[in-house]
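So you can see what is in the structure, the chains are spelled out below.
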Amino acid sequence: MPDLIASIELFPLAIPRDEPYLGPLEAGTQPNVHGYFVRPGNRTIYSTHDQSVLVKVTSESGVVGWGESFGVTVPDVVAQLQKQLIAPLVIGRDPHDVMVIYEDLYDALRVRGFYGGFWVDAIAGVDMALWDLRGKLTGLPVYKLLGGLRHAQIPVYVSGLPGKTKEDRAALGKRWIDRGFSALKFAAAVADEGEVAEMKAIRAAVGPDVKILVDLHWRYTALEAIQLIEKLDRYDLYLAEAPCESEDIDGQAQVARSVKTQVAIGEELRTVYEYRPRFLARCMNVIQPEMAHTGITAFWRICQMAAAFHCKVMPHATINIGIVQAASLQVSATLSNLAMHEYQHSIFDRNLQFVETSMHCANGAFSLPDGPGLGVEPKEEIFQYVVRSVL
Ligand code: MG
């Protein structure tokens, strides 16, 4: 007899931060009463808190699977979608049917026009929890359920160099290199003297052998991006991320075919349907799927599609308490086209206190978590940060 899904519980989280993600606020920027502010450098909203939605799925025999959904803004919206729409469709089903369940959930709102955004984020955390549950029911890690281990260690690049000045940020980069890491990414949104000055300062600090990546944060037209990437490449740029606005497929493709540097996109995309036109137009050499948006099922499908277009995978790492990170490593461990994983040290290192896991990042690589399923469990301390829904 299958051990059916008995309950789904949701925990929207908001953990205060001493310093906002990506570093100190720009002069004149103030969070609003809900704790949100816009970075002028990329016109994007951020929270003063680390926010996500923790998902707990329990089987009839009491086995628990954990997942986590994207919740950088209004995590209680995602939790309400999971509570009112997803849970009733999933309770009573067999967790081993996880891929079929994913498809059924996706289908449920398609003709309502919701085939992305918050709806797919809500599916992602539940999908992740079902894979964790499957692993625990079978005694296998998720990478075995997906078809096998290819990488026991996942190489990383250090992402985000928070600091007040470009000299502070370059010095921080150098400290990471001294600790055994060999790749760094800087953020255009907080490069207050411009990307070229930032690149020059970092290259001078870290020497010629370090891979330097830049996140251009969707800021430029195609021609502006091409000119800028060529200037950055004088300091040996390894990869340029998100050069043009998300919707600008023609612009992305123009950049990718015009520069000698690798171009990466995709952290904001959630399904094979969103990736497909960009693969066909050859918009990128590298994709950056985000587990908190996709869940395991869609993440795996996107990465297989990337392989068919000879694109590498460099998974994105959003704000999360570690469940998302473990899930992303579980899939990464199986991929023939894996390049590196993003390592968000200011999120991962800090939030590791809230989970039980052997997963860690040192000497330039993530080690996979031990144990069945995802290999990570939330600790009791995290539940003090559950937010009451405002809905
Ligand atoms: Mg990015």
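For the structure, see preceding data.
Residues numbered from 1 in each chain as written. Predicted model: local features only at pLDDT ≥ 70, side-chain atom pairs only at ≥ 80, totals over all residues. Heavy atoms only, no water.

A. Spotlight on the packing of aromatic side chains. Throughout the structure, instances matching the rule amount to 15 aromatic pairs. When the ring of Phe354 is compared with that of Tyr385, the centres are 5.6 Å apart and the planes differ by 75°; the resulting orientation is edge-to-face. With a gap of 31 residues between them, Phe354 in the loop between helix 12 (345–351) and strand 14 (355–356) and Tyr385 in the segment after strand 17 (377–378) connect regions that are remote in the sequence. Residue class for Phe354 comes out buried when judged on its relative accessible area of 4%. Classification of Tyr385 by relative accessible area gives partly exposed; the value is 22%. Here a set of aromatic residues connected by ring pairs shows up, and it is made of Trp176, Phe181, Tyr343, Phe348 and Phe366. The ring of Tyr46 has Arg39 sitting right over it, with the charged end atom 5.9 Å from the ring centre. (Phe/Tyr/Trp six-rings, centres within 6.5 Å; stacked < 30°, edge-to-face > 60°. Helix = DSSP H or I, 4+ residues; strand = E, 2+ residues; numbered from the N terminus. Buried < 20%, exposed > 50% of the residue type's maximum accessible area, 1.4 Å probe, protein only. Lys NZ or Arg CZ within 6 Å of the ring centre and 35° of its normal.)

B. Highlighting the pairing of strand 10 (residues 262–265). Relative to strand 10, strand 9 (residues 237–241) runs parallel, the two being bridged by 3 bridges. In the strand pairing of strand 10, Leu239 is matched with Gln262. The β-α-β motif built from strand 9, the intervening helix 8 (residues 249–258) and the parallel element strand 10 has right-handed crossover chirality. Across 2 bridges, the pairing between strand 10 and strand 11 (residues 286–287) is parallel. Bridge assignment links Ala264 to a residue of strand 11, and that residue is Val286. Crossover handedness for the path strand 10 to helix 9 (residues 272–280) to strand 11: right-handed. (Pairing = 2+ DSSP bridges. Right-handed = clockwise from strand over helix to strand, strands pointing away.)

C. Representation of the side chain of Glu290 within the structure. Within the fold, Glu290 resides in the loop between strand 11 and helix 10 (291–308). Lys185 is the oppositely charged side chain nearest to the buried, salt-bridge-free Glu290, at an N-O distance of 9.6 Å. (Lys, Arg positive; Asp, Glu negative; His and termini not counted. Salt bridge = Lys/Arg side-chain N within 4 Å of Asp/Glu carboxyl O.)

D. Summary view of the coordination of the magnesium ion. Surrounding the magnesium ion are the protein donor atoms Asp215 (OD), Glu241 (OE) and Glu267 (OE), at 2.0 to 2.2 Å. Along the chain, the residues donating to the magnesium ion are arranged with the sequence spacing D-x25-E-x25-E. Taken as a pair, Asp215 in strand 8 (residues 211–215) and Glu241 in strand 9 lie far apart in primary sequence, 26 residues in all. Judged by its relative accessible area of 6%, Asp215 falls in the buried class. (Donors = N, O, S within 2.8 Å, 3.2 Å for Na, K, Ca; no water.)

E. Inspection of the sheet that holds strand 4 (residues 49–59) at higher detail. Pairing in this open sheet of 3 strands is antiparallel, and the strands run 1-4-5 from one edge to the other. Every other strand in the sheet has two partners, leaving strand 1 (5–16) and strand 5 (64–70) as the edge strands with one partner each. When the angles between neighbouring strand axes are averaged without regard to direction, this sheet yields 25°. As defined by bridge partners, strand 1 adjoins strand 4 across 11 bridges and the pair is classed as antiparallel. Each bridged residue has a counterpart across the sheet, and for Pro12 the counterpart in strand 4 is Val53. Packed onto the sheet, helix 1 (residues 75–90) meets strand 1, strand 4 and strand 5 and runs at close to 175° relative to strand 1. (Axes fitted to C-alpha atoms, helices over the stretch in contact; angles between N-to-C directions. Contact = heavy atoms within 4.5 Å.)

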